[in-house]
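# Residue-level structural notes
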Amino acid sequence: MNLDRAFERAMKNPETRVKIFIAYNIGIVLVNLTIIAGLGFLFLRYEGII
């Protein structure tokens with residue numbers, strides 16, 4: 001409950017909103033890069049290169 005109120009207060013401030021948006025997008029990019037690296041590693045293991 002307190003987290004919801006803190007999030008509402010943070011979203012009212014434009015600077016904080018931009019920081020949250022940027023952090024969220026960077027997180028999504030990192031997750032995608034991790035998935036790509038993992039799939040690449042599994043493919044290379046499957047092909048016997050590594």
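My aim in this report is to walk through the structure given alongside it, one point at a time. Because the structure is a prediction, the values reported are computed rather than measured.

Turning our eyes to something else, we now look at the overall build of the chain. Assigned secondary structure in the chain consists of 2 helices and 0 strands. Structurally, the chain occupies a C-alpha span of about 55 × 25 × 10 Å along its principal axes. Each of the 50 residues in the chain was classed as buried or not, and the buried ones make up 2%. Accessible surface computed for the chain: about 4800 Å², of which carbon and sulfur atoms make up 69%. In the chain, 6 positive and 4 negative side-chain charges are present, and the distance between their average locations comes to 7 Å.

Bringing a nonpolar patch on the surface into the picture now. Taken together, Val-18, Phe-21, Ile-22, Ile-26, Val-29, Leu-30, Leu-33 and Ile-36 make up a surface patch of nonpolar side chains, about 780 Å² in accessible area. The partly exposed category is assigned to Ile-22, whose relative accessible area is 45%.

The subject of this paragraph is helix H2 (residues 14-47). Between the first and last C-alpha of H2 there are 50 Å, a value that for 34 residues agrees with the 50 Å anticipated at 1.5 Å per step. Count one or two residues on from H2 and you reach Gly-48, which has phi positive near 85 degrees.

What counts, and at which threshold
Residue positions are given per chain, counted from 1 along the sequence in the order it is written. Reporting of local features is limited, given that this is a predicted model, to residues whose pLDDT is at least 70; pairs of side-chain atoms are given and counted only at 80 or more, and all residues count toward the totals for whole chains, interfaces and linings. Hydrogens and water are ignored here; the side-chain numbers use all heavy atoms of the structure. Secondary structure counts use DSSP, requiring at least four H or I residues in a row for a helix and at least two E residues in a row for a strand, with both numbered from the N terminus. Any residue under 20% of the maximum accessible area for its type is buried, any over 50% is exposed, and the rest in between are partly exposed; the area is computed with a 1.4 Å probe on protein chains only. In these tables, accessible area is a Shrake-Rupley quantity obtained with a 1.4 Å probe, and a residue counts as shielded only by the protein chains included in the view. Positive charges come from Lys and Arg alone, negative charges from Asp and Glu alone, with His and the N- and C-terminal ends not counted. By convention, charge coordinates are those of NZ in Lys, CZ in Arg, CG in Asp, or CD in Glu. Patches were defined on residues exceeding 30% relative accessible area and lacking a salt bridge, with like-charge contacts within 9 Å and nonpolar side-chain contacts (Val, Leu, Ile, Met, Phe, Trp, Tyr) within 5 Å. Think of a salt bridge as a Lys or Arg side-chain nitrogen and an Asp or Glu carboxyl oxygen that are within 4 Å of each other. Under the convention used throughout, the expected extent of a helix is 1.5 Å for every residue step, that is, one less than its residue count.

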